[in-house]
Amino acid sequence: MSAQDQSPPDAVEYTEAVSVECNISELKENEMRQVDFDEDTRVLLVKQNGRLQAVGAKCTHYGAPLQTGALGQGRVRCPWHGACFNLETGDIEDFPGLDSLPCYRVELGNEGQVMLRAKKSDLVQNKRLKNMVRRLPEDQRVFIVVGGGPSGAVAVETIRQEGFTGRLIFVCKEEYLPYDRVKISKAMNLEIEQLRFRDEAFYKEHDIEVWQGVSADKLDSAQKELHCSNGYVVKYDKIYLATGCSAFRPPIPGANLENVRTVRELADTKAILGSISSESRVVCLGSSFIALEAAAGLVAKVASVTVVGRENVPLKAAFGAEIGQRVLQLFEDNKVVMRMESGIAEIIGDAEGKVSEVELVDGSRLPCDLLILGTGSKLNTQFLAKSGVKINRNGSVDVTDFLESNVPDVYVGGDIANAHIHGLAHDRVNIGHYQLAQYHGRVAAINMCGGVKKLEAVPFFFTMIFGKGIRYAGHGSYKEVIIDGSLEELKFAAYFVNEADTVTAVASCGRDPIVAQFAELISQGKCLGRGQISDPATRDAWTKKLSEPLPQVR
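Residues numbered from 1 in each chain as written. Predicted model: local features only at pLDDT ≥ 70, side-chain atom pairs only at ≥ 80, totals over all residues. Heavy atoms only, no water.

Novice: Go over the overall build of the protein, please, and point to the residues and values.
Specialist: Helix and strand counts for the protein come out as 10 helices and 35 strands. Across the 554 residues that make up the protein, the buried fraction comes to 56%. The long-range fraction of contacts in the protein, counting pairs at least 24 apart against all pairs at least 6 apart in sequence, stands at 60%. With the model as given, the accessible surface of the protein reaches about 23,800 Å², and the carbon-plus-sulfur share is 47%. (Helix = DSSP H or I, 4+ residues; strand = E, 2+ residues; numbered from the N terminus. Buried < 20%, exposed > 50% of the residue type's maximum accessible area, 1.4 Å probe, protein only. Contact = heavy atoms within 4.5 Å. Areas by Shrake-Rupley, 256 points an atom, 1.4 Å probe, with all protein chains shown as cover.)

Novice: Tell me about helix α9 (residues 514–523), and please be specific about residues and values.
Specialist: The element α9 is largely enclosed, with a buried count of 10 among its 10 residues. Of all the positions in α9, only Ile-514, Val-515, Ala-516, Gln-517, Phe-518, Ala-519, Glu-520, Leu-521, Ile-522 and Ser-523 are classed as buried. One or two steps after α9, the chain reaches Gly-525, where phi turns positive at roughly 85°.

Novice: Describe helix α1 (residues 150–161), listing the residues and the values that go with them.
Specialist: Across its 12 residues, α1 extends 17 Å between first and last C-alpha, which sits within 8% of the 16 Å expected from 1.5 Å per residue. Of all 12 residues in α1, 12 are buried; the element is thus mostly enclosed. Listed as buried for α1 are Pro-150, Ser-151, Gly-152, Ala-153, Val-154, Ala-155, Val-156, Glu-157, Thr-158, Ile-159, Arg-160 and Gln-161. Gly-163, located one to two residues past α1, shows a positive phi value of around 95°. (Expected span 1.5 Å × (residues − 1).)

Novice: Could you give an account of the pattern of salt bridges, with specific residues and numbers?
Specialist: Within the structure shown, the criterion is met by 35 salt bridges. Beyond isolated ion pairs, a larger network of salt bridges with shared partners links Arg-75, Arg-77, Glu-93, Asp-94 and Glu-520. (Salt bridge = Lys/Arg side-chain N within 4 Å of Asp/Glu carboxyl O.)

Novice: Talk me through the packing of aromatic side chains; I want residue IDs and the actual numbers.
Specialist: The final tally for this structure, using the stated rule, is 13 aromatic pairs. An angle of 50° between the planes, with centres 6.3 Å apart, marks the rings of Phe-170 and Tyr-203 as tilted. Highlighted residues: Phe-170 in strand β12 (residues 167–172) and Tyr-203 in helix α3 (residues 200–205), separated in sequence by 33 residues. Per residue, the accessibility class of Phe-170 equals that of Tyr-203, and both read buried. (Phe/Tyr/Trp six-rings, centres within 6.5 Å; stacked < 30°, edge-to-face > 60°.)

Novice: I'd like a description of the side chain of Arg-77, backed by residues and values.
Specialist: Looking at where Arg-77 falls in the secondary structure, it is placed in strand β6 (residues 75–77). We classify Arg-77 as buried; its relative accessible area is 2%. At 3.1 Å, the side chain of Arg-77 forms a polar contact with the backbone oxygen of Gly-82. In this structure, Arg-77 is in contact with Gly-69, Ala-70, Gly-82, Ala-83, Cys-84, Asp-94, Ala-516, Ala-519, Glu-520 and Ser-523, ignoring residues within four places of it in sequence. (Polar contact = N/O pair within 3.5 Å; in protein donor to acceptor, adjacent residues only side chain to side chain.)

Novice: Kindly report on the layout of surface pockets, identifying the contributing residues and their values.
Specialist: Its volume calculated, the second largest pocket comes out at about 780 Å³. Around the second largest pocket, the lining is made up of 33 residues, and of these Asp-99, Lys-127, Arg-128, Leu-129 and Arg-198 lie nearest the centre. Broken down by secondary-structure element, the contributors of at least two residues to the lining of the second largest pocket are α2 (192–195) and α8 (434–448). For the lining of the second largest pocket, a count of residues per class yields 11 nonpolar, 11 polar and 11 charged. (1 Å grid on protein atoms, 1.4 Å probe; cavity = no way out; pocket = protein on both sides within 12 Å on 5 of 7 lines; lining within 4 Å. Points joined across faces, edges and corners; volume = space filled by probe spheres on them. Nonpolar A, V, L, I, M, F, W, Y, C, P; charged D, E, K, R; others polar.)

Novice: Can you break down the nonpolar core residue by residue, with the values?
Specialist: Within the largest apolar cluster, 103 residues are counted, with the highest numbers of intra-cluster contacts made by Ile-144, Leu-219, Leu-241 and Tyr-495. The residues touching Leu-219, leaving out its near neighbours within four places in the chain, are Glu-225, Leu-226, Tyr-236, Ile-239, Leu-241, Phe-383, Leu-384, Ser-387, Val-389 and Val-410. Within the second largest apolar cluster, 43 residues are counted, among which are Leu-315, Leu-370, Leu-487 and Phe-496. (Core = buried A, V, L, I, M, F, W, Y, C linked by side-chain atoms within 4.5 Å.)

Novice: Let's hear about the sheet that holds strand β22 (residues 337–339): which residues, and what values?
Specialist: With respect to topology, 5 strands assemble into an open sheet ordered β19-β26-β20-β21-β22, the strand pairing being parallel. Lying at the two open borders of the sheet, with one neighbouring strand each, are β19 (260–262) and β22. Adjacent strand axes in the sheet meet at a mean angle of 25°, parallel and antiparallel pairs treated alike. Alignment of strand β20 (residues 281–285) against strand β21 (residues 304–308), held across 5 bridges, turns out to be parallel. Looking across to β21, one finds that Arg-281 is bridged to Ser-304. Of the strands in this sheet, β19 and β26 (370–373) touch helix α4 (residues 266–274), which is tilted by about 145° from β19. (Pairing = 2+ DSSP bridges. Axes fitted to C-alpha atoms, helices over the stretch in contact; angles between N-to-C directions.)

Novice: Describe the environment of Cys-103, naming the residues involved and giving the relevant values.
Specialist: Turning to its location among the elements, Cys-103 is positioned in the loop between β8 (92–94) and β9 (104–108). Since its relative accessible area comes to 15%, Cys-103 is described here as buried. Separated by 23 residues in the primary sequence, Cys-103 and Asn-126 have C-alpha atoms spaced 10.0 Å apart.

Novice: Residue-level account of the sheet that holds strand β3 (residues 41–48), with values.
Specialist: Taken together, the 3 strands give an open sheet; going across it, the order is β2-β3-β4, and neighbouring strands pair in antiparallel fashion. Every other strand in the sheet has two partners, leaving β2 (31–38) and β4 (51–56) as the edge strands with one partner each. On average, each strand axis in the sheet is inclined to that of its neighbour by 30°, with strand direction left out of account. Direction of pairing for β2 relative to β3: antiparallel, over a ladder of 7 bridges.

Novice: Just give me the short version of the pairing of β26, but keep the residues and values in it.
Specialist: Burial along β26 is two-sided: Leu-370 and Ile-372 and Leu-371 and Leu-373, pointing in opposite directions, are all buried. Sheet analysis places β19 next to β26, joined by 3 bridges and oriented parallel. Following the sheet pairing, Arg-261 is matched in β26 by Ile-372. With 4 bridges joining them, β20 and β26 adopt parallel strand pairing. The residue bridging Cys-284 from the neighbouring strand is Ile-372, located in β26.

Novice: A description of unusual backbone geometry should follow, citing residues and the corresponding values.
Specialist: The omega angle of the peptide bond from Phe-95 to Pro-96 is 20°, so this bond is cis rather than trans. Of the consecutive residues Asp-512 and Pro-513, the connecting peptide bond is found in the cis state with omega at 10°. Examined against the element boundaries, Pro-513 turns out to sit in the loop between β35 (503–509) and α9. With a phi angle near 55°, Lys-224 is a residue other than glycine that sits in the positive phi range. Note that Lys-224 resides in the loop between β14 (216–220) and β15 (225–228). Even without a glycine there, the phi angle at Asn-259 is positive, about 70°. Locating Asn-259 in the fold gives a position in the loop between β18 (245–247) and β19.

Novice: Any details on the environment of Ile-514? Residues and values, ideally.
Specialist: Tracing the backbone through its elements, the reader meets Ile-514 in helix α9. Along the primary structure Ile-514 and Pro-367 are separated by 147 residues, whereas in three dimensions their C-alpha atoms are 43 Å apart. Contact partners of Ile-514, with chain neighbours within four places excluded, come to Ala-493, Tyr-495, Ser-508, Asp-540, Trp-542 and Thr-543.

Okay, here's the thing in structure tokens:
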């Protein structure tokens, strides 16, 4: 809230004014500064367009310090994973995360001393839940959200935040309440209580009817009916489909042997941990993020881990050969055996039906007590057959910029959506990113409730491998990767440049907040060209464009 807002705060709702270590004269335009409100509460002060605003200092996702993030026009973006918060309201506008930031009333004391008042309810924790309505018996409308992943979880909350007072059904295939799926391949020893977004009491309090262990069997869009695996047939007024994807098992002989696992759900990681010991020999097929994260998470717990990948270096398609080579070295330095330019021809079992060996395409064999398949995924849209919803060959569904399908009142998002993104991609794209899925949930919910919200997201991806955080924002083909910094020290930014000499994406390791800054740049409708990054001495100068006025729309 700005310093110009001098309306008297409610004495019951807000604290007394607290003087913080800052004078208005000390702050430069577009400066962010973290100050202490009390010994437990940090506040982010931002001076922009001559106004002083104050919000919570930590990202509500994983607690990143927002002072080190990317400042845009009227919002701040998290340096770690790209979540975005409005400085006026504190509301979360881009993801990951669920909660918004608390806002503080700003007053100026004698000689420009900055004074803050906090809402008492916000001091309990450094995040804020937007107001949500409950169901009203006289409201006979029915909204259904199908899919208990990150997209569905955001959608049901946003629907209640947008004022929908009808019946709200949340269909979740897993037996668990929605949880942070990103963590399961990185830290396999976490329990559901450490992973879930909200507890059962939260959904009951806000009249969100959660159907756990239930999947969608059939959609009849003509009758506006959803047929579910529990035998129920429910009529709806509007429905949001975010059923995500399932792990793909390649047609390799022996793929159905015991201890051949995929990593997609919490049950998968529980099964993996239950099957290993310090003597286990683990093989991970694929050099995707899932396979690599699993290998990194298990190598200290077992006798050996071997990664079998098709390319000559891991992550080559995403990051190019140079970064892929450095990732390869990182894994080898941490005692993971990397068998590249290879594959598995056959999975061999013992007399008990458990995997005991894998035969590679060159005929060599590896002892194997656990095989993890990181071999891609398939979209969960089979239930849409004959529904009237048009399905693409890969299983995705084309949506409008408001996430509505070709059938009115049927909205689609997350992994299964073929949607437009902010940036250079003119065609729809099908991207399975966690951040994008949550963003889709918010946009679909707003539009279902009668609002008008257009897709304006920039894809943002992140991973953590052996303590090294890798970020990536953007999308598009590239012909060259320009590395700034040191690959050897894993402190670098990588610019992906296309045929038109335009930067389509930026990746980094140990160089926050450069990726968040690029995501903010693209979200503002601006772009970055080769000429702006050709000189190493001035390569970061483009970040100053974030505080420049937004382009005029004609």
